[in-house]
Structures are given as structure tokens and as C-alpha cells.
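Residue-level structural notes
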Amino acid sequence: MTPVEQDPSRVLIFDTTLRDGEQSPGISLNPSEKLEIAQQLARLGVDIIEAGFPIASPGDFEAVQAIARQVEGPVIAGLARVHVADIDAAWNAVKDAARPRIHTFVSTSDIHIEHQLQSTREDVKGLARAAVAHAKGYVDDVEFSPMDATRADVEYTAEVIQIAIDEGATTINIPDTVGYTMPHEYAAFLGRLYELAPGLRDVVLSVHCHDDLGLAVANSFAGLMAGARQVECAVNGLGERAGNASLEEIVMLLATRQAAIGLTTGAVTQEIARTSRMVSRLTGYAVQPNKAIVGRNAFAHESGIHQDGVLKERTTYEIMDATSIGLDANSLVLGKHSGRAALRQALAELGIEVDGQALNTAFKRFKQIADKKKQVTAMDLEALVTDELREEIPSYALAWFDVEASSRRSPHATVGVTLPDGTEATGSFTGDGPIDAVFHAINVASGQDAKLREFRVDAISGGQDALGETSVVLELGGISGAGQGVSTDIIEAAGRAYVRALSNAARRRSVADEAEAATADAAKRTPTP
Ligand code: KIV
Ligand code: ZN
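Bear in mind the structure is a predicted one, so any value in this text is a computation, not a measurement.

Our focus in this paragraph is the pattern of salt bridges. Evaluation of the coordinates by the stated rule reveals 34 salt bridges. The salt bridge partner of Lys-291 is Glu-248, with a shortest N-O separation of 3.0 Å. In this pair, Lys-291 sits in the loop between helix H12 (272-283) and helix H13 (304-312) while Glu-248 sits in helix H10 (residues 247-256), placing the two residues 43 residues apart along the sequence. Like Glu-248, Lys-291 is buried. Across the salt bridge formed by Arg-453 and Glu-475, the nearest N and O atoms sit 3.1 Å from each other. Residue Arg-453 is located in strand S14 (residues 451-459), and its partner Glu-475 is located in strand S15 (residues 468-476); the two are separated by 22 residues in the primary sequence.

Take a look at the structure:
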């Protein structure tokens, strides 16, 4: 029995950070990074993790399978188009989960049917019927989405979803794929579907909204008010183009205004801030400072009047307590003389279990930082561990660097870069500034002609000795890659971020090249009529 069947006011949180979120330009997570995020999503208490699109690439398949095998708690879903091969791949990837789900989709808008699918309404009905039936042969928990539904004919969409329900779909998701709808329109669309497809009352209705007009959360909320009990969302609002509805905004809206709305979720809100930081670090996507809930300024007060009010009584200018999203994590502190056991214990309190070689690596890095910083806070530890313990093979890594900089000479950098085959190459460059010189020297060493698109530096915790966190977005042959790096030394943090972004872009480029080669190969083998 789903929580919704037990309690009609319970909203299921379906997290798609690892699927739709991973489709954000420049993001390329490797399987171990995806697993780390999925473990954190389980701690956050999401109900369903959409772990990926298994047919898309061997890496996607491997990640979904690892998550299905190792992450306990949430339902693990794999996405599939209506093709048999997609559904087979999705099933093979999720079948080892305690609670697997197949999520299959096909467009119902005429724009998509005519131009993208080059098909007909009648054929799409048949495809939906066959896909749900095939998925149902594997597992009871099947979700069906009529893609681009909000630009489709409502009568036709209702027919297609009734077919999916008749074939056994247990969740019907109504995507606003291109972020086009408005709250009152979306609510009316869902209301009409309830009238036209009576079976909709017997399954879970889900909402999936994109943020092209900045309405993803408002539209999702309107959908919940219209009767939906599953909301598809992503941490930090990641997703195709302008992104998906942001998980933290939906969860905190329902929690903060619970008395007025009357809906609940199973989310552990105290895990929100940490989840947001982890996703930002691993994806290389920085969170804008004024982002609701998780932006750096979301709980900051600049004006004197506001500060005065909050000092007298917090609720004068705050509708949420920062601790309710876990922003008190800075309270845990380690001194420079702390040993391995203390570090292990502190990391365990943060939900990060490390042992053996991983603990040695973390301890070495902790000592380096502790030598430069009086106190290492929980946020520092978390940043360090995410920065250091991720699997980065095969990829580029910054082995060492030398920078000569002065106000009288152009800065010159020499770097050692470990290449994906494990060998080390060096490169030198005289640049406009020390960081520019390091970035170009990395290009020389790696033999890549990457172009910097974005660069950003943030302090992790306060104080003069704060750890610096850098974010880089670069472009390599038309493909973007994002990365982050952490260190007390900004040049080192920038170099680390740059090689990560380069690795991500190179990985994406080789996946694109492989797909192109496979298409060309298939075309050669298919005889022309
Ligand atoms: O936006 C969309 O339509 C999707 C579907 C695959 C659900 O992401
Ligand atoms: Zn989507």
C-alpha cells in the first residue's frame, strides 16, 4: 500500500535530479557520484528516485543498477520510451531494487506526434498500450507520462491515459514538458482529465513541471491543489533548459504552509541544505545566492530594520527557521589535533561512512586543511570529502602546479596533469592573471582546447581562513562541462574545478561521438529503399 493509499493528504516526492536534472547542459555525473547523491536522497526521505534513463548509455545503465542494488528506502524508477528495448533496459537496471518502477512515456501533443515522432494519434495510442502492457509483464509499479500534455488536446490525452490505466499503469504523470502552462490552466487541465478519464481516480496522479516561465513550482502546487499526490521535482531545480520544479521549494512550501494547505510529505527537511550542497558540488552547478530556501542569502538579513527585528524576535522577518532545513550544520567542529577516529566519528555524524583507504585519504586532506585553518567545521568536512573521495577515473586530474605572479610581470604557470591513461603531462602558459595562466597551462598539458565560460569563487564558511570553493563551466568542441573544487588556496581550488569540468566535457564528448558512430554504422548497414 502506498503512503497515498494510506493517507489522502500525503504527497509523494518523486526526485528526478539524477534523470531530468542530469539532462541540464554541462552536467555529467559518473556512476559513483550518482550513487552518492541517491544515498543522500534516501536520507532526505524522498519516496521515489528516478535514477536515470538506462537505455541512454552503458554508464546510465550501470548507475541505475547500482542505485537499485544499494539504495534502501525509496522506490527506484528507470525511464523508458515506449520501445521494447527501452523498457527491457529499464527493467534490467531496476529489477534488483526492493521496490522497482518502470516509467514509460510518449508524446500526446500534435506538435510532437507530427514533427518529432512523425506518427499519428492512432499509432501513439497503440504504442502507449503496448508499452504499459510490456512493462506490466515485469513489474506492478508502472508510471505512464503523456509527454507535452499541456500543449496537447485534452480529450485525446484523456483517451491515451485511460488506455494506460486499463493496461495497469499505477501512476499517471502529466508533464508540462516545455514549461508553457499557467497555474489556473494546469489545474483546469487536470480537472478535465479527471472528468474524461474516470480511471484516473484509482491511480496516483502526478505533476511534472518545467520552469521556462518561472512557474514550475506554482504549477506543481496548482496540480496538487487539483488532486495530484505525486510531485516530480529536482534538487536545486535542476533539469532540461530552465529546469524542473525545485524539490526544496515544494517541500518547504508544503511544510511551512501546512496549516493552510493540509498536505504532508515524508521529507526530512533537516537534510535539505546538505543535499543541495552535495548536488551543487558534484554537478558543478552553483546555486544562485538569492535562490529560495537554499540560496546563500535565503536566511540573511541585510537591512538594519530587518536585522533589528530578527534580533528582537526571529519571526518578525523569517517565515522558516534555518535549522529546519539543516543550516545549523556548522556547529560540529574539529581542531587541528583531532585524530583519525575523531574524523571518522564526525563524518559518520554527517551521514558519511568512510573506512580503510578512503579514511586515510580523507585524513590526509583534513590534516592539510587543519594546518591552515584553526577549526574545521562540518561544512568544511562535507566539502572536503565530496571533493576528495569521488571516483574520477578515467579523467584528468591536477597533479601539481607552480605559479609565478607579481604586479610587474605577466603571471606564468606550469602544471602537471594526470591524463585519463594514468600518465602525467606538463604544460606552461603566461596569462592575464594567475588563474588564467593555470587554466591555459592545463589546456596545454591535456592537449585540449577548452574555452572558459563561467568562473565563480565562494567561501564555504566565514573567517579569513575559510575554505574556498570554485565553480567552472567550460566548453570543449561545442560541448559544455561543469566542475567544482575546494581548497584553502584559491588557485588550487580553481585548477581542480577546471580539470573536473574538462573531464566532464571530454566524457560527454566521447559519449556523443560513440552515439554518432553507432548511428552512422547502423545507416551503413540499413539498405536504402
Ligand atoms: O518533461 C517531460 O516531459 C519529461 C518526461 C520524460 C516525463 O521529462
Ligand atoms: Zn521533464
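So, next bit.
For the rest of this paragraph, the subject is the sheet that holds strand S16 (residues 479-487). Strands pair in a sheet through their backbones, by hydrogen bonds, and they do so in one of two ways: parallel or antiparallel. Overall, antiparallel pairing links the three strands, which are arranged S14-S15-S16 in an open sheet. Strand pairing shows two members of the sheet lacking a second neighbour, S14 and S16, which therefore form its edges. Across the sheet, the mean angle from the axis of one strand to that of its neighbour is 15 degrees, orientation sign disregarded. Relative to S15, S14 is paired through eight bridges, and the arrangement is antiparallel.

This part takes up the domain arrangement of the protein chain. A common way to express how large an interface is: the accessible area buried when the components associate. When its domains are assigned, the protein chain resolves into domain 1 (3-283), domain 2 (327-388) and domain 3 (397-515). Contacts between domain 1 and domain 2 engage eight residues on the former and nine residues on the latter. Between domain 1 and domain 2, a total of about 720 Å² is buried, with carbon and sulfur atoms accounting for 47% of that surface. Of all residues in domain 1, the largest losses of buried area upon contact with domain 2 belong to Arg-274, Arg-277 and Arg-281, amounting jointly to 66% of the total for that side. Where domain 1 packs against domain 2, one counts three salt bridges. The residue Glu-382 makes a salt bridge to Arg-274 at a minimum N-O spacing of 3.9 Å.

It is the contact of H12 with helix H16 (residues 378-388), at a shortest axis distance of 10 Å, that shows an interaxial angle of 35 degrees. Classified by chirality, the crossing of H16 by H12 is right-handed. Along its contact with H12, which presents Arg-274, Arg-277, Met-278, Arg-281 and Leu-282, the element H16 presents Met-379, Glu-382, Ala-383 and Thr-386. Split into classes, the residues belonging to the contact of H12 with H16 amount to four nonpolar, one polar and four charged.

The rules behind these values
Residues numbered from 1 in each chain as written. Chains lettered and ligands numbered in written order. Predicted model: local features only at pLDDT ≥ 70, side-chain atom pairs only at ≥ 80, totals over all residues. Heavy atoms only, no water. Salt bridge = Lys/Arg side-chain N within 4 Å of Asp/Glu carboxyl O. Helix = DSSP H or I, 4+ residues; strand = E, 2+ residues; numbered from the N terminus. Buried < 20%, exposed > 50% of the residue type's maximum accessible area, 1.4 Å probe, protein only. Pairing = 2+ DSSP bridges. Axes fitted to C-alpha atoms, helices over the stretch in contact; angles between N-to-C directions. Domains from an automatic or database assignment. Contact = heavy atoms within 4.5 Å. Buried area = accessible area lost by both parts, 1.4 Å probe. Left-handed = near helix turned anticlockwise from the far one by under 90°. Nonpolar A, V, L, I, M, F, W, Y, C, P; charged D, E, K, R; others polar.

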